[in-house]
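The chain contents come next:
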Amino acid sequence: MKGGTPIVSLTAYTTPMAQLMDAHCDFVLVGDSVGMVLHGLPSTLQVTLDMMILHGQAVRRGLDRALMVVDMPFGSYEASPQVAFAAAARLMAETGAGAVKLEGGVHMAETIAFLVERGIPVMAHVGLTPQAIHTLGGYKVQGRGDAAPMLMADAQAVSDAGAFAVVLEKVPTGLATKITEALPIPTIGIGASAHCDGQVLVVDDMLGLFTAFKPKFVKRYADLGSQAEAAVEAYAQEVRTRSFPAEEYGFAD
Ligand code: KIV
Ligand code: NA
């Protein structure tokens, strides 16, 4: 799909969300963002392999045609290619994923090659890599000015290592365009302009279900959080006034 119709992707963590995405998305990402949007964790660093496996299994049951990619969580792959292979093999075998995703550029190239050579398709993720938030110093745009050549090198390295696609997160428009033109593999943007080969968003962000904060790159396509709260409020009010359940919801003797 490189250079063709843009690749469509969203994150999913549950069967029902996966079901409603299956017809519309080329791939569905079981992102480690699950920790923040569904489990109330302060960052993605607390997400475990067991959490990713459980959510991967749930999403897999909701998909018939879209590719499922599962994130490798922090701590499960960085130490060595061998450690990464053991974790990735569990993700693939126990969830039925078609590929894994991991964060990192030049420093992860050896691991990416190790996995791909052993049968595990890898999607890479460069630019803003949330698992490195404490060394990056915040959720900042990456690759501006003097930092551009390093980010280009990261993208080139994961492509050379055999990654089949790469997520570019919070990358300036010009650089994202240059990377997309330079690489033979698709770039999937999140905060990286419409010049990428595809786009991904966190589903709870775009549906307005996760509202603790909103990154600039998120477009809200719906406001389901407010709708859900209004529904809960109406229910509470009706229970307290005994207007719910009305007779139609009951059973004749
Ligand atoms: O965890 C996640 O949701 C992601 C995407 C935002 C790319 O990695
Ligand atoms: Na992620």
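Just so you know, these numbers come straight off a predicted model, no measurement behind them. (Residues numbered from 1 in each chain as written. Chains lettered and ligands numbered in written order. Predicted model: local features only at pLDDT ≥ 70, side-chain atom pairs only at ≥ 80, totals over all residues.)

Draft legend 1. Inspection of the overall build of the chain at higher detail. Summing up its helical and strand segments, the chain has 10 helices and 8 strands in all. In summary, the chain has a C-alpha radius of gyration of 20 Å against a globular reference of 18 Å for 253 residues, a match within 12%. Burial analysis of the chain (253 residues in total) assigns 42% to the buried set. Sequence separation of at least 24 residues holds for 58% of the intrachain contacts in the chain that already meet a minimum separation of 6. (Helix = DSSP H or I, 4+ residues; strand = E, 2+ residues; numbered from the N terminus. Rg over C-alpha atoms; globule rule 2.2 N^0.38 Å. Buried ≥ 20, exposed ≤ 12 C-beta atoms within 10 Å, placed from the backbone. Contact = placed C-beta atoms within 7 Å.)

Draft legend 2. Spatial organisation of the packing of helix H7 (residues 148-161) against helix H8 (residues 173-182). The N-to-C vectors of H7 and H8 enclose an angle of 30 degrees; their axes lie 10 Å apart at closest approach. The two elements H7 and H8 cross, and the hand of that crossing is right-handed. Contacts from Ala148, Leu151, Met152, Ala155 and Gln156 of H7 reach H8 at Leu175, Lys178, Ile179 and Ala182. When its residues are assigned to classes, the contact of H7 with H8 shows 7 nonpolar, 1 polar and 1 charged. (Axes fitted to C-alpha atoms, helices over the stretch in contact; angles between N-to-C directions. Left-handed = near helix turned anticlockwise from the far one by under 90°. Nonpolar A, V, L, I, M, F, W, Y, C, P; charged D, E, K, R; others polar.)

Draft legend 3. Structural detail: the pairing of strand S5 (residues 122-127). Counting buried positions over the 6 residues of S5 gives 6, a clear majority of the element. The parallel pair strand S4 (residues 99-103) and S5 is bridged by helix H5 (residues 109-117), and the resulting crossover is right-handed. Across 5 bridges, the pairing between S5 and strand S6 (residues 165-169) is parallel. Bridging from a neighbouring strand, Ala124 pairs with Val166 of S6. (Right-handed = clockwise from strand over helix to strand, strands pointing away. Pairing = 2+ DSSP bridges.)

Draft legend 4. How the structure looks around the UniProt feature "binding site: Mg(2+)" (unreviewed entry) in the chain. Per the UniProt annotation, the sites labelled "binding site: Mg(2+)" (unreviewed entry) are Asp32, Asp71 and Glu103. Spatially, the listed residues are clustered: although they cover 72 residues, their C-alpha atoms lie within 10.9 Å of one another. The exposure class assigned to Asp71 is buried, which follows from the 28 C-beta atoms found within 10 Å. If we ignore the near neighbours within four places in the chain, the residues touching Asp71 are Leu29, Val30, Gly31, Asp32, Met52 and Lys101. For Glu103, a count of 23 C-beta atoms within 10 Å puts it in the buried group. Ignoring anything within four residues of it in the chain, the contact list for Glu103 reads His125, Thr129, Gln131 and Ala132. (UniProt positions renumbered as here; feature names shortened; annotations may be inferred.)

Draft legend 5. Spotlight on the site of ligand 1. With respect to spatial proximity, the complete set of residues near ligand 1 consists of Thr11, Leu29, Gly31, Asp32, Ser33, Asp71, His125, Val167, Ile190, Val200 and Val202. For the shell around ligand 1, a count of residues per class yields 5 nonpolar, 4 polar and 2 charged. (Near = placed C-beta within 6 Å.)

Draft legend 6. Focus on the UniProt feature "active site" (unreviewed entry) in the chain. When the UniProt feature table is mapped onto this chain numbering, "active site" (unreviewed entry) sits at Glu169. By the secondary structure assignment, Glu169 is in strand S6. Residues in contact with Glu169, not counting those within four places in the same chain, are His125, Gly127, Leu128, Ile190, Gly191 and Ala192.

Draft legend 7. Representation of the environment of Lys170 within the structure. Relative to the helices and strands, Lys170 resides in the loop between S6 and H8. You can call Lys170 buried: it has 22 C-beta atoms within 10 Å. Along the primary structure Lys170 and Lys216 are separated by 46 residues, whereas in three dimensions their C-alpha atoms are 9.5 Å apart. Those residues in contact with Lys170 that lie beyond four places of it in its chain are Gly127, Leu128, Val141, Gln142, Gly191 and Phe217.

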